[in-house]
Amino acid sequence: MAGARALREGMTLVRALGNPIIPTHPRVLDRLPMTWVAGLLWGMSRIPMFQRAGAMGPREPQALIDAMTDLAAPTELVALQAIRP
């Protein structure tokens, strides 16, 4: 569930900065119940392609989350900070 919350926070920040979510199909995740998004993320974590991408290490997610928290208020991205590796 933490990943689903973090995904929502990230998408909210992108839109708040005036940027569109591109490509458009991830916007559907914003409309689904949080439990469905969590289930989809769990299912994706079982796919070898996504496992290999995650095995590359924590540096990219750390850098992305750090950059996003630099753009937001300190207490605005609690869920993203909670999943930071």
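Below: a short report on this structure. Predicted, not measured: the structure shown is a model, and the values here were computed from it.

Here is what the cut-offs are and how they apply
Residues numbered from 1 in each chain as written. Predicted model: local features only at pLDDT ≥ 70, side-chain atom pairs only at ≥ 80, totals over all residues. Heavy atoms only, no water. Core = buried A, V, L, I, M, F, W, Y, C linked by side-chain atoms within 4.5 Å. Buried < 20%, exposed > 50% of the residue type's maximum accessible area, 1.4 Å probe, protein only. Contact = heavy atoms within 4.5 Å. Salt bridge = Lys/Arg side-chain N within 4 Å of Asp/Glu carboxyl O. Helix = DSSP H or I, 4+ residues; strand = E, 2+ residues; numbered from the N terminus. Lys, Arg positive; Asp, Glu negative; His and termini not counted. Polar contact = N/O pair within 3.5 Å; in protein donor to acceptor, adjacent residues only side chain to side chain. Patch = residues over 30% accessible without salt bridge, like charges linked within 9 Å, V, L, I, M, F, W, Y side chains within 5 Å. Areas by Shrake-Rupley, 256 points an atom, 1.4 Å probe, with all protein chains shown as cover.

1. Quick notes on the nonpolar core
Piece 1. Ala6, Leu13, Ile65, Met68, Ala72, Leu77, Ala79 and Leu80 together form the largest nonpolar core, which totals 8 residues.
Piece 2. Non-local contacts of methionine 68, meaning those with residues more than four positions away in its chain, are made with Gly10, Leu13, Leu77 and Leu80.

2. A short note on the pattern of salt bridges
In a structure, side chains of opposite charge can pair up when their charged atoms sit close to one another.
Piece 1. Scanning all chains against the criterion turns up 3 salt bridges.
Piece 2. With a closest N to O distance of 2.4 Å, aspartate 30 and arginine 15 form a salt bridge. Of the two residues, aspartate 30 sits in helix H2 (residues 27-31) while arginine 15 sits in helix H1 (residues 2-16), which places them 15 residues apart along the sequence.
Piece 3. Assessed through its relative accessible area of 23%, aspartate 30 is described here as partly exposed.
Piece 4. The class of arginine 15 is partly exposed, set by a relative accessible area of 38%.
Piece 5. As a salt-bridge pair, arginine 84 and aspartate 66 come within 2.7 Å of each other at their nearest N and O atoms. With arginine 84 in the segment after helix H6 (78-83) and aspartate 66 in helix H5 (residues 59-71), this pair connects stretches of sequence that are 18 residues apart.

3. Some points on the side chain of glutamate 9
Piece 1. Relative to the assigned elements, glutamate 9 resides in helix H1.
Piece 2. Nearest to the buried, unbridged glutamate 9 among oppositely charged side chains is arginine 5, at 8.0 Å.
Piece 3. For glutamate 9, the side chain forms a polar contact with the main-chain nitrogen of alanine 79, separated by 3.0 Å.
Piece 4. Not counting residues up to four positions away in its chain, the partners in contact with glutamate 9 are Glu76, Leu77, Val78, Ala79 and Leu80.

4. Thoughts on a nonpolar patch on the surface
Piece 1. A surface patch of nonpolar side chains, about 410 Å² in accessible area, is lined by Leu41, Met44, Ile47, Met49 and Phe50.
Piece 2. Secondary-structure elements contributing two or more residues to the nonpolar patch are helix H3 (34-44) and helix H4 (48-54).

5. Some words on the environment of alanine 55
Piece 1. Residue position: alanine 55 is located in the loop between H4 and H5.
Piece 2. On a C-alpha basis, the gap between alanine 55 and proline 26 in space is 23 Å, while along the polypeptide they are 29 residues apart.

The values reported here are purely geometric and, on their own, carry no functional implication.
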